[in-house]
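Fold and contact review
For reference, the chains in residue letters:
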Amino acid sequence: MAVNLSAIKDLLLPGLRGIEGKYEQIPSQYDKIFAKHNSKMALERTAEMRYLGYAQLKTEGGQTSFDNNAGERFVYNQEHNEIGLGYAITRKAIDDNLYKTQFAPSNLGLIESFSQTKEIYAANVLNTATTYNANIGGDGKALCATDHPIDGGTVANKPTTDVELNESTLLNAMISIRTNFKDQAGLKIFARGRRLVIPPQLEPVAIRLTKSELRPGTSDNDVNAIMMTAGGLPEGYMVNDYLTDANNWFLLTNIDGLAYMERVKFESDMQVDFVTDNLLVKGYERYSFGYYNWRSIFGSFPT
């Protein structure tokens, strides 16, 4: 049913001091976690390849070892979602509204609705990071797992036992990224933590860990090792208001792998229905959030 006179009955009479209901919106957060890519396909696929492994010792006059195991290992899929929202408002509700500048019939908040929907879809990649999605495919593991397969072994991008955020666990995560992350052939890669991502409930902890010049939580005169170990955290921390668990925390790394793929930019349109004279307003966009490299993130999910 269209927005009609009964839905705006107090806007039909003079005397209102003002109208409330629109608020300042949370600034965009997804773009600080996901790299943006333009898409021209209904389904985007990213293949992870295995390159050469370690060189081998050669004896005098002996044969050179050959590594012929290079090639495709996993394919990650990312299929776009169609996002839409609209509303209808009657001709009489438009004509008789005395407060059109504050309750504009053509602008009831489509942009805000689409923006927050996008943030929820983005955060859902982290909120479900321990759940494997067969539609994504890849290495057969969730985004954050203890046993991502590489040739000859596995690599973890989460603790074996999930731990709360503190000085020790953050340092261990930073060191683990540096020492344990490898490519598909088992070669060490230049992987470093760059940004801590937390829910609002953990911001006081993050402030103490990343803003103190001296070691947090002690009376010692030690330097804060978090700011120096494995290159420190050059991008500090950020709060994501759409994380659903108050205890989960994440470290983004310098490895690309979290992707926002835009197929169709946000667009809006309006028209007057010929039969009813209702004003029809709608918005549309098409995109997806996903990942194609687990090395882009380290996560912990304590209960």
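Residues numbered from 1 in each chain as written. Predicted model: local features only at pLDDT ≥ 70, side-chain atom pairs only at ≥ 80, totals over all residues. Heavy atoms only, no water.

1. Structural notes on the sheet that holds strand β12 (residues 297–300)
Defined as follows: Paired strands, in this sense, are two strands between which DSSP finds at least two bridges. Under the scheme used here, helices are H or I runs from DSSP no shorter than 4 residues and strands are E runs no shorter than 2 residues, and both carry numbers assigned from the N terminus. Helix axes use the C-alpha atoms of the stretch in contact, all axes being lines fitted to C-alpha atoms, and the angles between their N-to-C directions lie in the range 0 to 180 degrees. Any two residues having at least one pair of non-hydrogen atoms within 4.5 Å are treated as being in contact.
A sheet is described by the order of its strands in space; here four strands give the open sequence β8-β7-β9-β12, paired in mixed fashion. In the strand order of this sheet, the two ends are held by β8 (237–239) and β12, each with one partner. When the angles between neighbouring strand axes are averaged without regard to direction, this sheet yields 20°. Across three bridges, the pairing between strand β7 (residues 193–198) and β8 is parallel. Within β8, the position partnered with Val197 by the bridge is Met238. Where helix α3 (residues 167–180) meets the sheet, its contacts fall on β7, β9 (249–253) and β12, and the angle it forms with β9 comes to roughly 30°.

2. Quick look at unusual backbone geometry
Most of the time, phi is negative for any residue but glycine, and the peptide bond is trans. Heads up, the condition is: Only protein chains enter the accessibility calculation, which uses a 1.4 Å probe. A residue is then buried if its area is under 20% of the maximum for its type, exposed if over 50%, and partly exposed in between.
Even without being glycine, Ala230 reaches a positive phi, approximately 50°. Structurally, Ala230 is set in the loop between α4 (203–211) and β8. The class for Ala230 is buried, based on a relative accessible area of 8%. With phi around 65°, Asp277 is a residue other than glycine that occupies positive phi space. With respect to the helices, strands and loops of the structure, Asp277 is situated in the loop between β10 (258–272) and β11 (279–291). Residue Asp277 is classed as partly exposed on the basis of its relative accessible area of 36%.

Bear in mind that shape data such as this cannot, by itself, settle questions of function.
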